[in-house]
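So the chains spell out like this:
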Amino acid sequence: MLAVVGIASGCSAQSEIAFSKAPLTDLGETLRFIGHEEPVTCLAISRDGKRLLSGCGRPEIVNGKPIKVLDTSVRLWDVESGEQIRKLEGHTATVESVAFSPDGKIAASASDDGIIRIWDL
C-alpha cells in the first residue's frame, strides 16, 4: 500500500506542491507539482488516488492595499508523474476549495469571486 502525504501553503510565497509517495513503512520519494503562479490554497485527491486537483490565489488586500491576483486557476495533476494534465481557468479571485465527484469525471471549485464552477474532466 502507498501513502500520499503532502502539504500546501496557504498565504506564503510558495506556489508548488510537494508530495511524498512511498510505502507506509518508508516515506521517501518526493514529487513536485509545479505550475501555479500564486500560493496553493486547496487540494483534493481523486478516489482512485491517481489524480490531484489544486487551486490557488492569495488575499486581494495586503497591508490595506488592493493587489492583483495573477493566477486563479484550478490544476489537474497526474499523481504518479507529477505532470499537469489540465489547467482550468475561469475564476477571477482566489480559489478556496476544490473537489472531485465520486466517479472522478467532474470537478467542482469555489472561489472568493462568489462562483462555484463545475468542470468536466
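Bear in mind the structure is a predicted one, so any value in this text is a computation, not a measurement.

Draft legend 1. Spotlight on a nonpolar patch on the surface. Residues Ile106, Ile116 and Ile118 make up a contiguous nonpolar surface patch of roughly 310 Å² in combined accessible area. As for its placement among the helices and strands, Ile106 is situated in strand β11 (residues 106–111). For Ile106, a relative accessible area of 34% corresponds to the partly exposed category.

Draft legend 2. A look at the pairing of strand β10 (residues 95–100). In the sheet, β10 pairs with β11 via 5 bridges, with the strands oriented antiparallel. Along β11, the bridge assignment pairs Val95 with Ser111.

Draft legend 3. Looking closely at the sheet that holds strand β5 (residues 51–56). One open sheet holds the 4 strands; their spatial order is β4-β5-β8-β9, and the pairing between them is antiparallel. If you trace the sheet from one side to the other, it starts and ends with β4 (40–45) and β9 (84–88), each paired once. Between one strand axis and the next, the sheet turns by 20 degrees as a mean value, whatever way the strands run. In this structure, strand β8 (residues 74–78) lies alongside β9, joined through 4 bridges in antiparallel fashion. The residue of β9 that forms the bridge with Val74 is Leu88.

Thresholds applied
- Along each chain, residues carry numbers from 1 onward, in the same order as the chain's sequence is written.
- Note on the predicted model: pLDDT of at least 70 is required for a residue's local features to be given, and 80 or more for side-chain atom pairs to be given and counted; whole-chain, interface and lining totals, by contrast, use all residues.
- Side-chain metrics in this entry use all non-hydrogen atoms of the structure; hydrogen atoms and water are not considered.
- Every patch collects residues that have over 30% relative accessible area and no salt bridge, joining them within 9 Å if they carry like charges and within 5 Å if they are nonpolar side chains (Val, Leu, Ile, Met, Phe, Trp, Tyr).
- With residues, only the protein chains shown are counted as cover, and all accessible areas are computed by Shrake-Rupley using a 1.4 Å probe.
- A carboxyl oxygen of Asp or Glu within 4 Å of a side-chain nitrogen of Lys or Arg is what we treat as a salt bridge.
- Only runs of H or I of at least four residues qualify as helices and only runs of E of at least two qualify as strands under DSSP, and these elements are numbered from the N terminus.
- Between buried and exposed lies partly exposed: a residue is buried under 20% and exposed over 50% of the maximum accessible area for its type, with that area taken using a 1.4 Å probe on protein chains only.
- When DSSP locates at least two bridges between a pair of strands, those strands are taken to pair.
- Each axis is a line fitted through C-alpha atoms, taken for helices only over the stretch in contact, and angles between the N-to-C directions span 0 to 180 degrees.

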